[in-house]
Amino acid sequence: MSKNVYHIGSGALTFEIIERIINENLKLELAPEAKLRIQKCRDYLDHKIASSEEPLYGITTGFGSLCTKNISPDELGTLQENLIKSHACSVGEEIRPVIIKLMMLLKAHALSLGHSGVQVITVQRILDFFNNDVMPIVYDRGSLGASGDLAPLANLFLPLIGVGDVYYKGKKCEAISVLDEFGWEPVKLMSKEGLALLNGTQFMSANGVFAMLKAFRLSKKADLIAALSLEAFDGRIDPFMDCIQQIRPHQGQIETGEAFRKLLAGSELIERHKDHVQDPYSFRCIPQVHGATKDAIRYVASVLLTEINSVTDNPTIFPDEDRIISGGNFHGQPLAISYDFLAIALAELGNISERRVSQLIMGLRGLPEFLVANPGLNSGFIGFVVGAVGKSHEVEQFEGAFLRLRCAFATDVGRYHDILEGGELRQQLVELEDEADVLVAEVAQLVRREAHHVDTVNADSTTIGFVECTHYLQQCCLAGTARADNAHYFSFVYMQVDALEHLQRAEALGYSFYVDHMMLRC
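What you are looking at is a predicted structure, and each value in this text was computed from that prediction instead of being measured.

Time to look at the pairing of strand S2 (residues 27–30). Of the two faces of S2, only the one carrying Leu-28 and Leu-30 is buried; Lys-27 and Glu-29 on the other face are not. Where strand S1 (residues 5–8) lies against S2, four bridges are found, and the strand directions are parallel. Following the sheet pairing, His-7 is matched in S2 by Glu-29. Once the chain exits S1 it traverses helix H1 (residues 15–23) before rejoining the sheet at S2, and the crossover so formed is right-handed.

Between helix H14 (residues 286–308) and helix H15 (residues 333–360), the shortest axis-to-axis distance is 9 Å and the interhelical angle comes to 155°. It follows that H14 is roughly antiparallel to H15 by the angle criterion. Regarding H14 and H15, the two cross each other, and that crossing is left-handed. Between H14 and H15, the residues in contact are Ile-286, Val-289, His-290, Thr-293, Ala-296, Ile-297, Tyr-299, Val-300, Val-303, Leu-304 and Glu-307 and Pro-334, Leu-335, Ser-338, Tyr-339, Phe-341, Leu-342, Ala-345, Leu-346, Glu-348, Leu-349, Ile-352 and Arg-356, respectively. Residue composition of the contact of H14 with H15, grouped by class: 17 nonpolar, three polar and three charged.

Here we come to unusual backbone geometry. Look at the link from Asn-314 to Pro-315: it is a cis peptide, with omega at -5°. Positionally, Pro-315 belongs in the loop between H14 and strand S8 (316–318). Unlike most non-glycine residues, Lys-192 shows phi in positive territory, near 80°. Assignment of secondary structure puts Lys-192 in the loop between helix H7 (175–182) and helix H8 (193–198). If you check the backbone angles, Asp-322 has positive phi at about 55° while not being a glycine. Within the secondary structure layout, Asp-322 lies in the loop between S8 and strand S9 (323–325). Under the relative-accessibility criterion, Asp-322 is labelled partly exposed at 45%.

Rules behind the numbers
Residues numbered from 1 in each chain as written. Predicted model: local features only at pLDDT ≥ 70, side-chain atom pairs only at ≥ 80, totals over all residues. Heavy atoms only, no water. Buried < 20%, exposed > 50% of the residue type's maximum accessible area, 1.4 Å probe, protein only. Helix = DSSP H or I, 4+ residues; strand = E, 2+ residues; numbered from the N terminus. Pairing = 2+ DSSP bridges. Right-handed = clockwise from strand over helix to strand, strands pointing away. Axes fitted to C-alpha atoms, helices over the stretch in contact; angles between N-to-C directions. Parallel < 35°, antiparallel > 145°, perpendicular 65-115°, else oblique. Left-handed = near helix turned anticlockwise from the far one by under 90°. Contact = heavy atoms within 4.5 Å. Nonpolar A, V, L, I, M, F, W, Y, C, P; charged D, E, K, R; others polar.

Set out below in structure tokens:
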């Protein structure tokens, strides 16, 4: 991968590569070896159609329950165009631009593997759209996830043939006008190409990649904030020691213990004598709870990496084996089950966070009630706690919604009878992450800790600090518009202005109080 270009088909995609492509606005080019694979498959398919009298599903026949209908050779391209036009019926809210770009990236990569029968120009036009920020308008509802993401992918690729609308230079316009501006001819689809574009899991996968990158960040942030809360609560480090992790050696648990030992190394508050012999579960069991989420994230990431480096359209073409197989690689079950798992794991980060907040505001271990000077006169974090409990309930509702979406409806005259609602599951996952982002908010307690441990700060100034931070955290819960810039995290995730971005601002505010108060102590 050169400095400003990534060559599609040059190797497997990774989360790191995708992050760089999106963050650094890299341009995409087809690798020479990818062009050869694509052309080889196309040439084989043309020869097979010309030399075989056997019907080929979706290539020389109709689709689904219409597979008994044979199509004449001069109408094979029209068949594919009609397929895209008939299925371009996604509804709901417009999909955010980053998901559109991820969908185009993942589809181009899948087609570059050389088992889909498309033309080189078809893949090149997808890259042209990506490189020039020509953004097809796609809506977030309509995919069942069992025959691939038919409706959203149809809307995504409708502009390739000069139909539908796109966003270009910030304006909604007809696709054909943008093609004319660039001097691009509408792609003339050949046999099988409509299926290659519509079949596949790139809608589910793109949302999964987006959610996974947020999950990586949320897991790290949960550790950081919980470590600060442990220090603030005068907690014990013993449950984080390596020896106890090694006798129950789940990888995530071991990693969590190590992370906390590093974060809290040298802390006078952690190392000082404790009168209490143990901490509540929400502190003591952090290695087990956060660790289990880490293991879930790791598993789901492995499933997703396999998926985005796979061929998921149908039928699948094997030139070297002289086979064209109508199978089910478009079925989203691996993703749907994994998204269930990830949703549960992320919900637990939020739930245990809310429980720690509850402990911190109860007036325990010498801390003022609701973490404010003159409680009673001042309400402190009482409003924030109410918001955290509310968010916890919302997270639980999303978590339960995943299980309710497992179903067995049927479509296409009963032919497609095992529908898993993978598209709906990915939507629930993204929404749950937004709620969990808000909930993992113990950073507010940083300010409270300083009020307790810093004797040189007077009550009035401390109260002002609490009020300011409380106000900011209320903005977090309301998901306002300010946004933090932090190069340490994946910048493309910031394209969604969500609650976690506001928590970063609150965290920075908390750090500023922390540093100021520690300087006063010195």
